[in-house]
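Here is what each chain is made of, one letter per residue.
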Amino acid sequence: MLEKLRTKNDDELIEALKAITALTPEETVELCAIWKTHEAAGVTKLAKKVLEKHAPAATQALKDVIKASLGNDDSKIAKKLATLEQAGGFPDVAAFALALTKRTWEHLGLAYLCNAGGPAAKAALQNAVTDEGLLDLSSNTSFPDELVEIEGIVNLSIGYSKLKQLPSQVLALESLRVLDLSGNSFSSLDDNVRELRNLEKITLHDVPLGKGLGEGIYDLPNLKEIWIIRGKMKSIPKDIDRIQSLEHLRCTQCKKVKAIPDAVANLPNLKTLEVDN
């Protein structure tokens with residue numbers, strides 16, 4: 001049935017919708033996607049009718065999940081997803097959350113699974129890694145132990161996740177080359193960031209950094225790029241030349257930074273320098 005629901009022919013889709021007598025979690029997710037995103041009003045109206053008939057409790061619960069997602073609060077999203085189990089629409093709520101990650105509302109499914117952990121979390125995380133090695137967990141506030149088992153992650157985004165320190169699961173990702181920490185609450189980077197020995201780029205947009213970059217960043221032998229926007233750091237470190245591998249240093253819209261230290265001239269590989277307040 002899933003293949004029939006994914007047809008691009010509206011007439012075939014309408015016939016498939018009329019033939020439905022029961023729905024799996026994956027089919028329900030697909031129907032919700034059709035209902036919310038299809039361009040033909042006749043198709044969306046029929047999809048809604050089928051959902052209300054064959055999965056009323058789950059459909060209402062999913063509406064609640066989508067509403068909760070507007071606040072970007074993973075704990076609330078997880079609680080709303082859990083109501084699906086109570087509603088009886090999905091005895092295995094993890095199966096429903098995994099279905100979400102495969103079709104639409106990927107963040108909602110990952111939010112629940114990262115909070116719950118387990119095999120379904122591992123499957124969803126592995127599925128979320130792009131061919132280029134990017135895993136986007138922006139706004140997630142939970143990081144399951146299964147994260148360290150995921151293959152192919154070289155670029156990780158954990159921006160806007162209400163973090164004050166790096167999760168141990170992230171520090172265990174030895175192959176990581178790019179890390180986006182934007183929108184988090186670091187006053188300085190953890191010293192144990194040095195464990196990410198292969199890190200080449202770190203992005204820090206809208207991160208306070210009131211206490212500077214920390215000591216651990218100096219022990220990253222392959223770090224080539226630091227990009228800071230709207231930080232509250234008082235200055236670029238006077239010993240920035242300790243990062244001899246640095247090629248690109250961007251520190252823009254940082255109002256408290258008033259000068260460029262002489263140490264910048266001692267960076268042998270520096271190609272880009274952008275500093276403004």
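This text follows the structure it describes.
In this report, the structure presented in the accompanying data block is examined. (Residues numbered from 1 in each chain as written. Predicted model: local features only at pLDDT ≥ 70, side-chain atom pairs only at ≥ 80, totals over all residues. Heavy atoms only, no water.)

**Section: the overall build of the chain**
To keep it simple, the criterion reads: A run of H or I in DSSP counts as a helix once it spans at least four residues, and a run of E counts as a strand once it spans at least two, with each numbered from the N terminus. Only protein chains enter the accessibility calculation, which uses a 1.4 Å probe; a residue is then buried when its area is under 20% of its type maximum, exposed when over 50%, and partly exposed in between. Contact between two residues is taken to exist if any of their heavy atoms lie within 4.5 Å; hydrogens are not considered. Accessible surface area values rest on a Shrake-Rupley calculation with a 1.4 Å probe, where residue burial reflects the displayed protein chains alone.
Within the chain one finds 10 helices and 7 strands. Classification of the 277 residues of the chain by burial places 49% in the buried group. Within the chain, contacts between residues separated by at least 24 positions form 43% of all contacts whose residues are at least 6 apart in sequence. When the accessible surface of the chain is totalled, it reaches about 13700 Å², and 47% of it is carbon and sulfur.

**Points about a negative patch on the surface**
Operational definition: Two joining distances apply to patches: 9 Å for like charges and 5 Å for nonpolar side chains (Val, Leu, Ile, Met, Phe, Trp, Tyr), and every residue must have over 30% relative accessible area and no salt bridge. In what follows, salt bridge is the name for a side-chain nitrogen of Lys or Arg lying within 4 Å of a carboxyl oxygen of Asp or Glu. A residue counts as positive if it is Lys or Arg and as negative if it is Asp or Glu; His and the chain ends are not included. In plain terms, the charge of a residue is placed at NZ if it is Lys, CZ if Arg, CG if Asp and CD if Glu.
A grouping of Asp-10, Asp-11, Glu-12, Glu-15 and Glu-39 is seen on the molecular surface, where their side chains present a negatively charged patch. Secondary-structure assignment places Glu-15 in helix H2 (residues 10-18).

**As for the sheet that holds strand E1 (residues 134-136)**
So the rule is basically this: The pairing criterion is simple: DSSP has to find at least two bridges between the two strands. Every angle, taken between N-to-C directions, lies between 0 and 180 degrees, and every axis is a line fitted to C-alpha atoms, over only the stretch in contact when it is a helix.
Strand order in the open sheet made by the 7 strands is E1-E2-E3-E4-E5-E6-E7, with parallel pairing throughout. Strands at the two margins of the open sheet, each flanked by one partner only, are E1 and strand E7 (272-275). Here the strands of the sheet are splayed against their neighbours by 5° on average, with no regard to which way each runs. Sheet topology places strand E5 (residues 225-229) next to strand E6 (residues 248-252); 5 bridges connect them, and they run parallel. By the bridge assignment for E6, Ile-226 is matched with Leu-249.

**What to know about the nonpolar core**
Where we set the bar: Definition of nonpolar core: a set of buried residues of the types Ala, Val, Leu, Ile, Met, Phe, Trp, Tyr and Cys, connected through side-chain atoms within 4.5 Å.
Grouped together as the largest cluster of nonpolar side chains are 52 residues, with contacts concentrated most on Leu-156, Leu-179, Ile-217 and Ile-226. Of all the secondary structure elements, the ones that give two or more residues to this core are helix H8 (106-116), helix H9 (119-128), helix H10 (168-171), strand E4 (201-205), E5 and E6. Ranked by the residues each element gives to this core, the list is headed by H9, at 4 residues. When residues no more than four places from it in sequence are discounted, the contact partners of Leu-156 are Leu-135, Leu-137, Val-170, Leu-173, Leu-176, Val-178, Leu-179 and Asp-180.

**Comments concerning the side chain of His-248**
Here His-248 shows up in strand E6. Classification of His-248 by relative accessible area gives buried; the value is 18%. Look past the residues within four positions of His-248 in its chain and what remains in contact with it is Lys-224, Glu-225, Ile-226, Leu-270, Lys-271 and Thr-272.

**Quick look at the environment of Glu-132**
Tracing the backbone shows Glu-132 in the loop between H9 and E1. Along the backbone, Glu-132 and Gly-152 are 20 residues apart, and their C-alpha atoms lie at a distance of 8.5 Å.

**A look at the packing of H2 against helix H4 (residues 41-54)**
What counts, and what does not: Here the angle decides the label: under 35 degrees means roughly parallel, over 145 means roughly antiparallel, 65 to 115 means roughly perpendicular, and every other value means oblique. Left-handed describes a crossing whose near helix is turned anticlockwise from the far helix through less than a right angle; right-handed describes the clockwise counterpart. The nonpolar class holds Ala, Val, Leu, Ile, Met, Phe, Trp, Tyr, Cys and Pro. Asp, Glu, Lys and Arg form the charged class, and all remaining residues, Gly among them, are polar.
Two elements in contact, H2 and H4, have axes separated by 10 Å at closest approach and are oriented at 15°. In this view, H2 runs roughly parallel relative to H4, as classed from their interaxial angle. Judged by the twist between their axes, the crossing of H2 over H4 is left-handed. Along its contact with H2, which presents Asp-10, Leu-13, Ile-14, Leu-17 and Lys-18, the element H4 presents Val-43, Leu-46, Ala-47 and Val-50. Its residues assigned to classes, the contact of H2 with H4 comprises 7 nonpolar, no polar and 2 charged.

**Structural notes on the pairing of E4**
The buried count for E4 comes to 4 of 5 residues, which makes it a mostly enclosed element. In this structure, strand E3 (residues 178-180) lies alongside E4, joined through 3 bridges in parallel fashion. In the strand pairing of E4, Val-178 is matched with Lys-201. Bridge count for E4 against E5 is 5 bridges, and the pairing is parallel. Directly across from His-205, in E5, lies its bridge partner Ile-229.

**Observations concerning the packing of aromatic side chains**
What counts, and what does not: Aromatic contacts are taken between Phe, Tyr and Trp rings whose centres are within 6.5 Å, Trp giving its six-membered ring; a plane angle under 30 degrees counts as stacked, one over 60 as edge-to-face, and the others as tilted. Two thresholds decide whether a charge sits over a ring: the Lys NZ or Arg CZ must be within 6 Å of the ring centre and within 35 degrees of the ring normal.
Within the structure shown, the criterion is met by 0 aromatic pairs. Its guanidinium or amino end placed over the ring of Tyr-218, Arg-242 lies 3.9 Å from that ring's centre, counting from NZ or CZ. The ring of Trp-227 carries the charged tip of Arg-250 above its face, separated from the ring centre by 5.6 Å.

**Structural notes on unusual backbone geometry**
Outside of glycine, negative phi angles account for most residues, and trans bonds account for most peptide bonds. Not every positive phi belongs to a glycine, and Asp-206 is a case in point at roughly 55°. Of the residues examined, Asp-206 reaches a relative accessible area of 29% and is grouped as partly exposed. At Leu-209, a position not held by glycine, the phi torsion is positive, near 55°. Overall, the relative accessible area of 0% leaves Leu-209 in the buried class.

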